[in-house]
Amino acid sequence: MIAEGLLAPYETGDETPPELAQWALARIRQLSAHEVGHTLGLGHNYYDSRAGRISVMDYPHPLITLNRDGTFDYSEVYDVGIGEWDKVAIAYGYQDFPGGTDEGQALTQILDQAWDRDIRFFTNQDISIHPKADQWSNGTEAPAELNRMMEVRRVALSRFGEKAIKRGMPLATMEEVLVPLYLHHRYQVTAAASVLGGLDYIYAMRGDGREPVRPVPAEQQQAALSALLATLDPSALVLPEAIVQTLPPRPAGYFRHRELFPRYTGSTFDVIAPATVAADHTVSSILNAQRAARLVEQSAINPSLPDLHGVIDALIAATFGVTPNNPYEAEVSRAIERVVVDRLIGLAATARMPQVRAIATMRLERLQNEIPSWTARADQSDAAHYTLLARDIRRFLDRAAGTVEQPATLAAPPGAPIGEPAMDWLVPREPRCSGRDVPLNWK
Ligand SMILES: [Zn+2]
């Protein structure tokens, strides 16, 4: 489905495009190697190395790049063979040294040589904190990779249509293929967010002479914030006419299931809800309570780093400050602004760190005071939207002591091909079941 969405490969609708099977087989080969790796004792390695794809123990995202002529290059969609880290890990774990070898020294040498080639190990506990440990991501600079993927997504969405499904299939089933394309960037959003308030650390040992911790430099954090905010542009979140005009309700026998977008509209396709889902993913990644606490603390130690005030201001400017190009974008824009306010309320209500709650609360109060001046010059739809936003903020700020408000949001369809949360192979524990997505396959 990922390939069908990106390539819309069915010209006549009767052919069998060979790349679909090739992509699937490449992915299954990688997965097979991954499972053999676990069998040999290897844990997940999500490190974004300058040496490229260094481990089959990573969770791979398909790599699709845009050629100059507008076609897609998918020659390296998934890696082939085993990675450099895998060789290092097996050598470290299984090497038999000749008699008389100082084994401790020889083992250290294996790791030191890997280190020099940027072959490192970061696993489940590091994801979304370490700026270079990300699941389902590509590249080494997450913000730049996010910008690149948004361009791939934009081009693929502009070409999306009935060529994404076979002839004779209900047009409504284009939605199955649309979901992974529309959310093409979702895991790269998570990766870019890990740069914001990110801490570049290693598990340093006394005496190894290496730098244990270093906050991600300010300009890289700003690049991450810019890339994240670009995913909230209404023009990136509206659906092309070809989709809006051709997606009918689902016929009998093709019932709705969890891998479709949620709907406010009953059985008809909802052209706003996908934008709400995508925006909520970005906004909740930026306003994650632990990230917010790290922003407060990092900027306290080094004031040149982004602080939570600035991040929230940038988020509000990028969403409330846009001028939509048409009524559809205006409606999407209102949906995005609602997400921002709901997530700010969630942060102000539930963040564990008091200073995070304080900053979020102050910003909400300021927003509430600003909104009346916008309402005065807004059209009827904006006026209604801002009236409710202001009232909801006020109601939240005036809430009875002890009550906590966690706004309801639209849940994204599941995207990872395997259960979540990710299994931690190094520190075994009972998998937590969210109740919504029963993890059938722990891989
Ligand atoms: Zn695994």
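Keep in mind the model is a prediction, meaning the values are calculated, not measured. (Residues numbered from 1 in each chain as written. Predicted model: local features only at pLDDT ≥ 70, side-chain atom pairs only at ≥ 80, totals over all residues.)

1. Observations concerning the overall build of the chain
- Each helix and strand counted, the chain has 16 helices and four strands in total.
- Each principal axis of the C-alpha atoms in the chain carries an extent, and together these give about 85 × 60 × 45 Å.
- Summarising the internal contacts of the chain: among those between residues at least 6 apart in sequence, 71% fall at separations of at least 24. (Helix = DSSP H or I, 4+ residues; strand = E, 2+ residues; numbered from the N terminus. Contact = placed C-beta atoms within 7 Å.)

2. Some words on the nonpolar core
- One finds Ala 192, Ala 224, Ala 275, Ala 279 and Leu 344 to be the most contacted residues of the largest nonpolar core, which totals 77 residues.
- Top contributing element to this core by residue count: helix 14 (residues 327–350), with 10 residues.
- Domain assignment of the residues forming this core places at least three in each of domain 1 (1–218) and domain 2 (232–240 + 268–418).
- Excluding residues that lie within four positions of it along the chain, Ala 279 makes contacts with Leu 232, Leu 237, Ala 335, Ile 336 and Val 339.
- Counting 16 residues, the second largest nonpolar core, distinct from the first, contains Leu 42, Ala 114, Ile 119 and Phe 122. (Core = buried A, V, L, I, M, F, W, Y, C linked by C-beta atoms within 7 Å. Buried ≥ 20, exposed ≤ 12 C-beta atoms within 10 Å, placed from the backbone. Domains from an automatic or database assignment.)

3. Overview of the environment of Val 332
- As for its position among the elements, Val 332 is in helix 14.
- With 41 residues separating them in the primary sequence, Val 332 and Ser 373 have C-alpha atoms 21 Å apart.
- Non-local contacts of Val 332, meaning those with residues more than four positions away in its chain, are made with Pro 234, Leu 237, Val 238, Ile 272 and Ala 275.

4. Let's talk about the packing of helix 13 (residues 308–320) against helix 14
- Following both chains from N to C, one finds helix 13 and helix 14 inclined at 160°, their axes separated by 9 Å at the closest point. With respect to each other, helix 13 and helix 14 are oriented roughly antiparallel. Regarding helix 13 and helix 14, the two cross each other, and that crossing is left-handed. Residues Leu 315, Ile 316, Thr 319 and Phe 320 of helix 13 lie in contact with helix 14, whose contacting residues are Ile 336, Glu 337 and Val 340.
- Here the residues of the contact of helix 13 with helix 14 sort into five nonpolar, one polar and one charged. (Axes fitted to C-alpha atoms, helices over the stretch in contact; angles between N-to-C directions. Parallel < 35°, antiparallel > 145°, perpendicular 65-115°, else oblique. Left-handed = near helix turned anticlockwise from the far one by under 90°. Nonpolar A, V, L, I, M, F, W, Y, C, P; charged D, E, K, R; others polar.)

5. Considering helix 12 (residues 289–301)
- With 13 residues, helix 12 ought to run about 18 Å at 1.5 Å a step, and its terminal C-alpha atoms sit 19 Å apart, in line with that.
- As for helix 12, its buried residues are in contact with helix 7 (186–193), strand 4 (213–215), helix 13, helix 14 and helix 15 (354–376). (Expected span 1.5 Å × (residues − 1).)

6. Thoughts on the domain arrangement of the chain
- Domain parsing of the chain yields domain 1 (1–218) and domain 2 (232–240 + 268–418).
- Placing a centre on the C-alpha atoms of domain 1 and another on those of domain 2 gives a separation of 30 Å.
- With 19 residues of domain 1 at the interface, the matching set in domain 2 holds 21 residues.
- Of all the secondary structure elements, the ones that give two or more residues to the side of domain 1 that touches domain 2 are helix 5 (142–159), helix 6 (174–182) and helix 7.
- When the residues that make up the side of domain 1 that touches domain 2 are grouped by side-chain class, the tally is 13 nonpolar, three polar and three charged.

7. A few points about the environment of Val 88
- With respect to the secondary-structure elements, Val 88 resides in helix 3 (residues 84–94).
- The buried category is assigned to Val 88, around which 22 C-beta atoms lie within 10 Å.
- Note: C-alpha distance between Val 88 and Gln 113 (25 residues apart in sequence) is 9.2 Å.
- Setting aside anything within four residues of it in sequence, one finds Val 88 in contact with Ile 110, Ala 114 and Ile 119.

8. Topic: unusual backbone geometry
- Even without glycine at this site, Ala 8 takes up a positive phi of about 40°.
- Relative to the elements of secondary structure, Ala 8 occurs in the loop between helix 1 (2–7) and helix 2 (18–39).
- Exposure remark for Ala 8: the 21 C-beta atoms within 10 Å place this residue in the buried category.
- Of note, Trp 136 is a non-glycine position whose phi angle comes to about 55°, a positive value.
- In this fold, Trp 136 is placed in the loop between helix 4 (103–116) and helix 5.
- The class for Trp 136 is partly exposed, based on 18 C-beta atoms found within 10 Å.

9. So, helix 14
- Its 24 residues place the ends of helix 14 34 Å apart at the C-alpha level, agreeing with the 34 Å of an ideal helix rising 1.5 Å per residue.
- Where burial is concerned, most of helix 14 is hidden: 17 out of the 24 residues are buried.

10. What to know about the confidence of the model for the chain
- When the pLDDT values of the chain are averaged, the result is 92; 94% of them are 70 or greater.
- Here residues 428–443 scores under 50 on pLDDT; set against residues more than four positions off or in separate chains, the count is 18 contacts. (pLDDT = per-residue confidence, 0-100.)

11. Examining the environment of Arg 294
- Locating Arg 294 in the fold gives a position in helix 12.
- Look at Arg 294 and you get buried, because 21 C-beta atoms sit within 10 Å.
- Measuring from C-alpha to C-alpha, the distance between Arg 294 and Val 356 comes to 9.6 Å, with 62 residues separating the pair along the chain.

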